[in-house]
Amino acid sequence: MAMPMLVIVTAFWWVPALGNVIAFQDYNPFSGGILGSPIIGFTNFAQLFGDPQFIRAVVNTVGITAFQLVFYFPVPIALALLLNSVVSGRLRAFIQGVVYLPHFFSWVLVVAIFQQMFGGAGLIAQILRDHGHAGIDWMTNSDTFILLVTAETVWKDAGWGTIVFLAALSTIDPNLYEAAAVDGARRWRRMWHITLPGLRPVIVLLLILRLGDALNVGFEQFMLQRGAVGSKVSEVFDTFVYWSGLRTGDFGYGAAAGLFKGLVGLALILVANRVAHALGERGVYSRS
């Protein structure tokens, strides 16, 4: 049963991954290709680490990831707890449908909606002007860009992120809640001593995976807003690879950046998983 998936993974993941060899070549797809391009060792990486734009992209990416770990990662957990507390099944299904829906919107539509709400000619700016105040254009304010992209991410994906936590909540034994209620534990006590410990393995697992994906904060979202706020605050890892590798035709340089991103992600997963084991959690994997 696993054979079809193994074939797909091999054909579309492991075989293409061999193309990372171009990170160590002066790669030219039109004269020689992978087999004919000369090997230049770590020249692309030396050039990469000396590029101020690359350093800026890494700093922006890490800063946005850290900010979203604090202000976005807990939101699906809180939303799942609130949804789980809704007694009416029909009302819960309706709320779930409403909060899931933005996940299926493209980033083009999400940015357009936020532009209509928070742009210089948006709804909030118009209301402020109608009441004698100066309009505010948050969509072009580089100082609040990190708040803007986090708000967009929360609105788009927080509802979808609750699915895993709702599934984890459904596995908690209801008898534990009944026993705690008999012992006099109120709702907050039950949540603190039963619900959150039941969610802890899932929270740790998703946190490890998020750390492994730390350098991947998205491409479309930042690409669409780059012109409005400038590259100084919107340049992230994926947009850097596009502008410095694909657009310029320097594929070896772009591959070096992508390989660095993958190695950092792998290292973060290994470190976070080891920390999870030290805290008594299973993590992503454990040795038998």
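Residues numbered from 1 in each chain as written. Predicted model: local features only at pLDDT ≥ 70, side-chain atom pairs only at ≥ 80, totals over all residues. Heavy atoms only, no water.

Examining the overall build of the protein chain
So, point 1. In terms of helices and strands, the protein chain carries 15 helices and zero strands.
So, point 2. Principal-axis analysis of the C-alpha atoms places the extent of the protein chain at approximately 75 × 65 × 35 Å.
So, point 3. The buried share of the protein chain, reckoned over its 288 residues, is 32%.
So, point 4. Pairs at least 24 apart in sequence give 63% of the contacts found in the protein chain among residues at least 6 apart.
So, point 5. Accessible surface for the protein chain amounts to roughly 17200 Å². Of this, 68% is attributable to carbon and sulfur atoms.
So, point 6. For the protein chain, the centre of its 18 positive side-chain charges and the centre of its 16 negative side-chain charges are spaced 8 Å apart. (Helix = DSSP H or I, 4+ residues; strand = E, 2+ residues; numbered from the N terminus. Buried < 20%, exposed > 50% of the residue type's maximum accessible area, 1.4 Å probe, protein only. Contact = heavy atoms within 4.5 Å. Areas by Shrake-Rupley, 256 points an atom, 1.4 Å probe, with all protein chains shown as cover. Lys, Arg positive; Asp, Glu negative; His and termini not counted. Charge placed at Lys NZ, Arg CZ, Asp CG, Glu CD.)

Overview of the packing of helix α7 (residues 107–118) against helix α12 (residues 220–229)
So, point 1. Contact geometry for α7 and α12: axes closest at 9 Å, N-to-C directions at 45°. Judged on the interaxial angle alone, α12 and α7 are oblique. Judged by the twist between their axes, the crossing of α7 over α12 is right-handed. Residues W107, V108 and V111 of α7 pack against E220, Q221, L224 and Q225 of α12.
So, point 2. By residue class, the composition of the contact of α7 with α12 is four nonpolar, two polar and one charged. (Axes fitted to C-alpha atoms, helices over the stretch in contact; angles between N-to-C directions. Parallel < 35°, antiparallel > 145°, perpendicular 65-115°, else oblique. Left-handed = near helix turned anticlockwise from the far one by under 90°. Nonpolar A, V, L, I, M, F, W, Y, C, P; charged D, E, K, R; others polar.)

Looking at the UniProt feature "transmembrane region" (unreviewed entry) in the protein chain
So, point 1. According to UniProt, the "transmembrane region" (unreviewed entry) feature falls on residues 29–50, 62–84, 104–125, 194–212 and 251–272.
So, point 2. With 100% helix and 0% strand, residues 194–212 has end C-alpha atoms that lie 28 Å from one another.
So, point 3. Structurally, residues 251–272 is divided into 100% helix and 0% strand, and its ends, taken at the C-alpha atoms, are 31 Å apart. (UniProt positions renumbered as here; feature names shortened; annotations may be inferred.)

A short note on helix α9 (residues 145–170)
So, point 1. Its 26 residues place the ends of α9 37 Å apart at the C-alpha level, agreeing with the 38 Å of an ideal helix rising 1.5 Å per residue.
So, point 2. When the local axis directions of α9 are compared, the greatest deviation, roughly 50°, occurs at D157. (Expected span 1.5 Å × (residues − 1). Bend = angle between axes of the 7 residues up to and from the residue.)

Points about the packing of aromatic side chains
So, point 1. Applying the stated criterion across every chain yields a total of 21 aromatic pairs.
So, point 2. Between the aromatic rings of F114 and W155, the centroid separation amounts to 6.2 Å while the plane-to-plane angle is 75°, which identifies the pairing as edge-to-face. Of this pair, F114 sits in helix α7 while W155 is found in helix α9, placing the two residues 41 residues apart along the sequence.
So, point 3. Following the ring pairs from residue to residue traces out a cluster consisting of F49, F54, F237, F240, Y253 and F260.
So, point 4. One cation-aromatic arrangement involves K156 over W107; the distance from NZ or CZ to the ring centre is 5.1 Å. (Phe/Tyr/Trp six-rings, centres within 6.5 Å; stacked < 30°, edge-to-face > 60°. Lys NZ or Arg CZ within 6 Å of the ring centre and 35° of its normal.)

Some remarks on the UniProt feature "domain: ABC transmembrane type-1" (unreviewed entry) in the protein chain
So, point 1. When the UniProt feature table is mapped onto this chain numbering, "domain: ABC transmembrane type-1" (unreviewed entry) sits at residues 58–272.
So, point 2. Secondary structure across residues 58–272 divides into 76% helix and 0% strand, with the first and last C-alpha atoms of the span separated by 20 Å.

Let's talk about the nonpolar core
So, point 1. If you look at the biggest cluster of nonpolar residues, it comprises 16 residues, and the most contacted ones within it are I77, F165, L166, L169, L199 and I203.
So, point 2. If you list the elements that add at least two residues to this core, you get α5 (74–84), α9 and α11 (187–212).
So, point 3. Sequence-distant contacts of L199, defined by excluding residues within four places in its chain, comprise I77, L81, F165, A168 and L169.
So, point 4. Counting 13 residues, the second-largest nonpolar core is a separate cluster that includes V110, M139, L148 and F222. (Core = buried A, V, L, I, M, F, W, Y, C linked by side-chain atoms within 4.5 Å.)

Quick word on α7
So, point 1. The end-to-end C-alpha separation of α7 is 16 Å, in line with the 16 Å expected for twelve residues at 1.5 Å each.
So, point 2. Elements that come into contact with the buried residues of α7 comprise α9 and α12.

Re the packing of helix α10 (residues 174–182) against α11
So, point 1. Direction vectors running N to C along α10 and α11 enclose 150°, while the axes themselves pass 10 Å from each other. Taken together, α10 and α11 sit at an angle that is classed as roughly antiparallel. Judged by the twist between their axes, the crossing of α10 over α11 is right-handed. Along the contact surface, α10 presents L176, Y177, A180 and A181, while α11 presents R190, I194 and T195.
So, point 2. For the contact of α10 with α11, the per-class residue count stands at five nonpolar, one polar and one charged.

Quick word on the environment of F237
So, point 1. Note on placement: F237 falls in helix α14 (residues 237–246).
So, point 2. Classification of F237 as buried rests on a relative accessible area of 1%.
So, point 3. Put simply, F237 and A267 are 30 residues apart on the chain and 17 Å apart in space, counted from C-alpha to C-alpha.
So, point 4. Those residues within four positions of F237 in sequence are excluded, and the remaining contacts are F54, A57, V58, T61, L215, A257, G258, F260 and K261.

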